[in-house]
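# Residue-level structural notes
This is what each chain is made of:
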Amino acid sequence: MSLKGRLMNVITIEDYKSTYWPKLDSAIDQLLTQSPGDYIPISYEQIYSCVYKCVCQQHSEQMYSDLIKKITNHLERVSKELQASPPDLYIERFNVALGQYMGALQSIVPLFIYMNKFYIETKLNRDLKDDLIKLFTEHVAEKHIYNLMPLLLEAQSTPFQITPSTMANIVKGLYTLRPEWVQMAPALFSKFIPNILPPAVESELQEYAAQDQKLQRELMQNGFTR
């Protein structure tokens, strides 16, 4: 911190860029790339305090901008890695990417609680968790949904191709990201999410299943194959 900053107890924008943001940047990196059960050698108290001080010193706007940029760049790399995945690994890798990101948010969002409360909620009228989920939707899920859906429909009709838990995780995750994606494969989504379809007689259920199969054929005819 500069001498002037120490004397006045002020965090200048230079202090923020050279001292405070690098600490946050490093912690976010570790949280975004951790695997379930990993020990992350960061001080949550230190990061929490860092965010608090930056908010108090009017750096919320810059910090929010840096956070969004940081996570967007990460998700664009994730998306490119998925694009390079062979079909037999594609579903599992999407599941890992989704689970890893949602797990990271459980740590990232609480660390930025002061920024969320005093900047995002009050000045932007939004919520940090919603914004970060939207980033995954825009930079990963939207780019892969038309490749992913035919593979999910195929896997559904092929026993043991993927585990039921993987299928459930992805379907529930897609529904969380964008509920209207149910319309792409209503029979598939209804197996894992209760009450998303109106009460139906048996013939209508068969019709939904036929609709899923028709979508799968159309997507493949239009080049959405891997």
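Higher on the page you've got the structure.
The following paragraphs examine the structure supplied in this document.

Here is what the cut-offs are and how they apply
- Residues numbered from 1 in each chain as written.
- Predicted model: local features only at pLDDT ≥ 70, side-chain atom pairs only at ≥ 80, totals over all residues.
- Heavy atoms only, no water.
- Helix = DSSP H or I, 4+ residues; strand = E, 2+ residues; numbered from the N terminus.
- Contact = heavy atoms within 4.5 Å.
- Areas by Shrake-Rupley, 256 points an atom, 1.4 Å probe, with all protein chains shown as cover.
- Buried < 20%, exposed > 50% of the residue type's maximum accessible area, 1.4 Å probe, protein only.
- Salt bridge = Lys/Arg side-chain N within 4 Å of Asp/Glu carboxyl O.
- Polar contact = N/O pair within 3.5 Å; in protein donor to acceptor, adjacent residues only side chain to side chain.

### Comments concerning the overall build of the protein
What the protein contains, in helices and strands, is ten helices and zero strands. Secondary structure elements in the protein, listed N-terminal to C-terminal, are α-α-α-α-α-α-α-α-α-α. Counting contacts in the protein only where the partners sit at least 6 residues apart, residues at least 24 apart contribute 71% of the total. Counting every atom, the protein has about 12,700 Å² of accessible surface; 52% of that belongs to carbon and sulfur.

### Looking at the environment of Pro179
Here Pro179 lies in the loop between helix H8 (164–177) and helix H9 (186–190). Note on Pro179: relative accessible area 40%, which makes it partly exposed. Between the alpha carbons of Pro179 and Phe189 there is a distance of 9.9 Å; along the sequence they are ten residues apart.

### Concerning the pattern of salt bridges
Pairing between side chains of opposite charge can happen when the charged atoms of each approach one another. Overall, the coordinates contain six salt bridges when judged by the stated rule. Its salt-bridge partner being Arg126, residue Asp131 comes within 3.0 Å of it at the nearest N-O pair. By relative accessible area, which is 39% here, Arg126 ends up partly exposed. Here Lys134 and Glu138 are joined by a salt bridge, their closest N and O atoms 3.9 Å apart. Of the two residues, Lys134 and Glu138 both sit in helix H7 (residues 128–156), four residues apart, roughly one turn of that helix. Connected through salt bridges with shared partners, the residues Asp25, Asp29 and Lys70 form a single ionic network.

### Description of the side chain of Ser79
Counting through the fold element by element, Ser79 comes out in helix H4 (residues 60–83). Taking relative accessible area as the criterion, Ser79 reaches 2% and is therefore assigned buried. Among the polar contacts made by the side chain of Ser79, one reaches the side chain of His144 at a distance of 2.9 Å. Sequence-distant contacts of Ser79, defined by excluding residues within four places in its chain, comprise His139, Val140, Lys143 and His144.

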